[in-house]
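Below are the chains, spelled out letter by letter.
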Amino acid sequence: MAELGNDIKHAKTLLNQNKLVAIPTETVYGLAANATNPTAITQIFKTKERPSFDPLIIHIYSLKLLSNYVTNIPEKAELLADRFWPGALTLLLPKKDIIPDIVTSGLDTVAIRIPSHPLTLELLKSLDYPLAAPSANPFGYISPTTAKHVNDQLGDKIDYILDGGKCEVGIESTIIGFDKNHPTVHRLGGVSIEKIESIIGKVEVKALSSSNPVAPGMLQNHYAPKKKLIIGNIDELIQEHNDAGIISFQKEYNVKHQIQLSKTGDLDEAAQCLFGALRKLDNEDISIIISEFAPNHGLGRAINDRLKRAAIKQ
Ligand code: TXA
Ligand code: MG
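Draft legend 1. View of helix 4 (residues 75-84). Among all positions of helix 4, only Ala 77, Leu 80, Ala 81 and Phe 84 are buried. The buried residues of helix 4 occupy one face: seen down the axis, they fall within an arc of 100°. Facing away from the buried side of helix 4 by over 90 degrees, the exposed positions are Glu 75 and Asp 82.

Next comes the structure, spelled out in structure tokens:
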């Protein structure tokens, strides 16, 4: 098992040796390595068993550093960065050569964000390179929102997990690109479409489009538990499956394995709890997980996106 702690210096020492360190962010835990070092990046792909054609997000600590890594910052990207960084928003921007091709899987754009977790910001400030970090889960499985989640699945493959507690947002960052200055959301996430549109106006949402995904991380069957998940009307579905585990948005059910994502109907709280709930029920002695969609606005859209993907089996 990996060591858990909050020793920034130790994390820095390992990263300087091109080793991997799991880091807390406000969205989910990341599996981090020096973003400018191809050897270190190779370890990320190996450890996650992630296909090399699925590019990584790089993490920086200051907006001033952005122009070190990208060649052009469209006005709308700048407005979003000003408003939402540090935070759960990733920008796709044309990359500079300092970012190796292995990070972007050969694409000419790089995904970049400033995370808002204080431990990770402090770590980033102590380094003279950005960190590439995908979510710290085996490829295709649910993203980790606690240090324990990381340890349970990758603990025998990495040395150290910076333990920053439970992730506040609980769902990955929203990814937005600017092809020909036309803002397009490629992944729904921790910053809602409504908030983005309040800053830059209408955006196109291409998330969960199955045809020609920009990258395989956008493939539909992602974030999936091992158990079968069905989504629909819980009251009806439990009639057919009497030993099911239930993830409801708000309502309480009188069954043994049930998780209410938010007793008060708060979408932000529901997003924070979603991945932990899927993991918990995935490990219970039940045959199937039954869930329902959340109201489809705010973070409800990202919740529903993750539920849909988790329910799709190849
Ligand atoms: O909240 C987050 O974004 C977390 C934390 C750790 O920062 N990271 C995360 O990384 O979710 P990952 O690797 O699990 O998901 C990154 C997604 C993938 O779907 C990948 O295909 C997409 O970003 N991506 C990365 N670079 C891209 C690029 N240049 N163009 C299009 N998509 C890109
Ligand atoms: Mg991921």
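Draft legend 2. Representation of the site of ligand 1 within the structure. Close to ligand 1 lie 25 residues; Thr 27, Asp 54, His 59, Ser 173 and Arg 187 are nearest. A distance of 2.9 Å separates an oxygen atom of ligand 1 from a polar atom in the side chain of Arg 50. Within the backbone of Thr 109, a nitrogen or oxygen atom sits 3.0 Å from a nitrogen atom of ligand 1. Expressed as a share of its isolated accessible area of 680 Å², the protein-covered part of ligand 1 is 98%. Residue contributions to the shell around ligand 1 peak at three residues, all from strand 6 (residues 109-113). Looking at side-chain class alone, the shell around ligand 1 contains 13 nonpolar, seven polar and five charged residues.

Draft legend 3. Representation of the nonpolar core within the structure. Leu 91 and Ile 176 are the most contacted members of the largest nonpolar core, which totals 78 residues. It is helix 10 (residues 267-282) that contributes the most residues to this core, eight residues altogether. Once residues within four sequence positions are removed from consideration, Ile 176 is found in contact with Leu 80, Leu 89, Thr 90, Leu 91, Leu 92, Pro 183, Thr 184, Val 185, His 186, Ile 196, Ile 200 and Val 203. Ile 8, Leu 14, Leu 15 and Leu 131 belong to the second largest nonpolar core, which has 16 residues in total.

Draft legend 4. The arrangement of the pattern of salt bridges in detail. Per the counting criterion, the structure on display carries 11 salt bridges. The shortest N-O distance in the salt bridge between Glu 284 and Lys 280 comes to 3.2 Å. A relative accessible area of 22% means that Glu 284 is categorised as partly exposed. Two residues, Arg 309 and Asp 305, come together in a salt bridge whose shortest N-O distance is 3.0 Å. Of this pair, Arg 309 and Asp 305 both sit in helix 11 (residues 300-311), four residues apart, which is roughly one turn of the helix. Overlapping salt bridges, with partners in common, bring together Glu 172, Asp 305, Arg 306 and Arg 309 in one network.

The rules behind these values
- Residues numbered from 1 in each chain as written.
- Chains lettered and ligands numbered in written order.
- Predicted model: local features only at pLDDT ≥ 70, side-chain atom pairs only at ≥ 80, totals over all residues.
- Heavy atoms only, no water.
- Buried < 20%, exposed > 50% of the residue type's maximum accessible area, 1.4 Å probe, protein only.
- Helix = DSSP H or I, 4+ residues; strand = E, 2+ residues; numbered from the N terminus.
- Arc of directions from axis to C-beta.
- Near = heavy atom within 4 Å.
- Polar contact = N/O pair within 3.5 Å; in protein donor to acceptor, adjacent residues only side chain to side chain.
- Areas by Shrake-Rupley, 256 points an atom, 1.4 Å probe, with all protein chains shown as cover.
- Nonpolar A, V, L, I, M, F, W, Y, C, P; charged D, E, K, R; others polar.
- Core = buried A, V, L, I, M, F, W, Y, C linked by side-chain atoms within 4.5 Å.
- Contact = heavy atoms within 4.5 Å.
- Salt bridge = Lys/Arg side-chain N within 4 Å of Asp/Glu carboxyl O.

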